[in-house]
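For reference, the chains in residue letters:
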Amino acid sequence: MKTMPINGATRLYAIVGMPVTHSLSPVMQNAAFRSTGINGAYVPVPSEDIEKTVQGLRALGFGGASVTIPHKETVMACVDRLDPVAREIGAVNTLAFEQHPDTGEVVCVGYNTDWMGSNLALAKEIELKGSSALVLGAGGAAKAVAFGLLEAGASKVFLANRTLQKAVALAEELGSDFVSLADIDQVDADILINTTSVGMTPHIDNSLVPKEYLSRYAVVMDIVYAPLETRLLKEAKASGCRTVDGLAMLYYQGLAQFKIWTGVEPPVSVMRDALLQELERRQ
Ligand code: ATR
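Residues numbered from 1 in each chain as written. Predicted model: local features only at pLDDT ≥ 70, side-chain atom pairs only at ≥ 80, totals over all residues. Heavy atoms only, no water.

Engineer: Sorry, what's going on with the nonpolar core here?
Structural biologist: Proteins that are soluble and globular tend to have nonpolar side chains buried together. Counting residues in each nonpolar core, the largest one holds 52 residues, and the members touching the most others are Leu-122, Val-135, Leu-149, Ile-191, Ile-193 and Tyr-251. At nine residues, the largest contribution of residues to this core is made by helix 8 (residues 246-262). Excluding residues within four positions of it along the chain, Tyr-251 makes contact with Met-28, Val-268, Arg-272 and Leu-275. Judged by nonpolar contacts, the second largest core, of 18 residues, contains Val-45, Ile-50, Phe-62 and Cys-78. (Core = buried A, V, L, I, M, F, W, Y, C linked by side-chain atoms within 4.5 Å. Buried < 20%, exposed > 50% of the residue type's maximum accessible area, 1.4 Å probe, protein only. Helix = DSSP H or I, 4+ residues; strand = E, 2+ residues; numbered from the N terminus. Contact = heavy atoms within 4.5 Å.)

Engineer: Explanation requested: the pairing of strand 2 (residues 40-46) in the structure shown.
Structural biologist: A regular strand places its side chains so that they alternate between the two faces of the sheet. For strand 1 (residues 11-17) and strand 2, the ladder comprises seven bridges, and the chain directions are parallel. Of the residues in strand 2, the one forming a bridge with Gly-17 is Pro-46. For the segment spanning strand 1, helix 1 (residues 25-36) and strand 2, crossover handedness is right-handed. (Pairing = 2+ DSSP bridges. Right-handed = clockwise from strand over helix to strand, strands pointing away.)

Engineer: Which parts of the structure should I look at to understand unusual backbone geometry?
Structural biologist: Negative phi is the rule for most residues except glycine; trans is the rule for most peptide bonds. Of note, the amide linkage connecting Ile-69 to Pro-70 takes the cis form, showing an omega dihedral of 5 degrees. Among the secondary structure elements, Pro-70 is positioned in the loop between strand 3 (64-67) and strand 4 (81-82). Geometrically, the link from Thr-201 to Pro-202 is a cis peptide bond, its omega value of 10 degrees lying close to zero.

Engineer: When you look at the pairing of strand 6 (residues 106-111) in this model, what are you seeing that I'm missing?
Structural biologist: Alignment of strand 4 against strand 6, held across two bridges, turns out to be parallel. Paired with Leu-82 across the two strands is Gly-110, which belongs to strand 6. Summarising the sheet, strand 5 (residues 94-99) and strand 6 pair through six bridges and their orientation is antiparallel. Bridged to Ala-96 within strand 6 is Val-109. Connecting the antiparallel pair strand 5 and strand 6 is a turn made up of six residues, with Gly-104 showing a positive phi of about 80 degrees.

Engineer: I keep staring at the packing of aromatic side chains and nothing clicks. Help me out?
Structural biologist: Two descriptors summarise a pair of aromatic rings, namely the distance from one centre to the other and the angle between the planes of the rings. For the structure on display, the rule yields six aromatic pairs. Summarising the aromatic geometry, the rings of Tyr-13 and Trp-261 are spaced 5.2 Å apart at their centres and angled 35 degrees between planes, so their arrangement reads as tilted. With a gap of 248 residues between them, Tyr-13 in strand 1 and Trp-261 in helix 8 connect regions that are remote in the sequence. Like Trp-261, Tyr-13 is buried. An aromatic cluster is built from Tyr-13, Phe-33, Tyr-42, Phe-258 and Trp-261, whose rings are joined through pairwise contacts. (Phe/Tyr/Trp six-rings, centres within 6.5 Å; stacked < 30°, edge-to-face > 60°.)

So this is what it looks like as structure tokens:
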């Protein structure tokens, strides 16, 4: 594989979180730097203290960072400027250190590209405007996905979650609907999205949706990517649904980050192939 030399002009980018050892993002972002010829490198930065980490990145002249668990909410207090959508979602997964063109002052801006990731992945398969969806889960991922759907003009978004109260609270916050997991057979929607960890290795035989309910959905997406074809996706395919796997949201949110940092159109297939190769290597 072609390697990019690290030299005096290399701009650094980071993934900040705890843990970050298993993150797939470095492979994806470094492939994008190599392929576009942009002199950048993306490195893991384990962080217990997000405030100090952001100060450190700024002092070291980093160009930007991805932010992951457990800092997506707390990092909001460490930025100079918050993108309005990130503010509305209540989470930041992307930092950009941007230089003011006149004063030269560096400002740290917080964005959220998770919702863009799911929207871009789903929009490949279905027109989101006017569509309806059932979202399984009520955590951070569910919030980004449901927010994205509403932002894109979905007509109705139902949230279903093991702990119903969390789905009720999130539905109230987003102005969407909720349903108990036991009643999802009552829901009629175009899109089904699993944002929970159900089906993830080693529990690959688990799925929250009985297969006889799947044929009603045009598109089924799972954010779990290990395995790439979860039981839910396998059964959805067999039921005639179009499916979107868990890598799609990951690389589309990463594509959006690359664009924010470099202003350059990201190399879609290069980034996806890099992820696939890395997953294969790890198996
Ligand atoms: P994230 O921020 O990545 O979405 P999270 O906040 O931990 O992660 O949310 C995980 C989601 O998966 C939750 O909706 C959780 O349901 P609870 O709110 O009831 O905990 C859901 N989840 C995890 N394991 C599950 C299981 N075995 N069955 C059903 N739902 C599960």
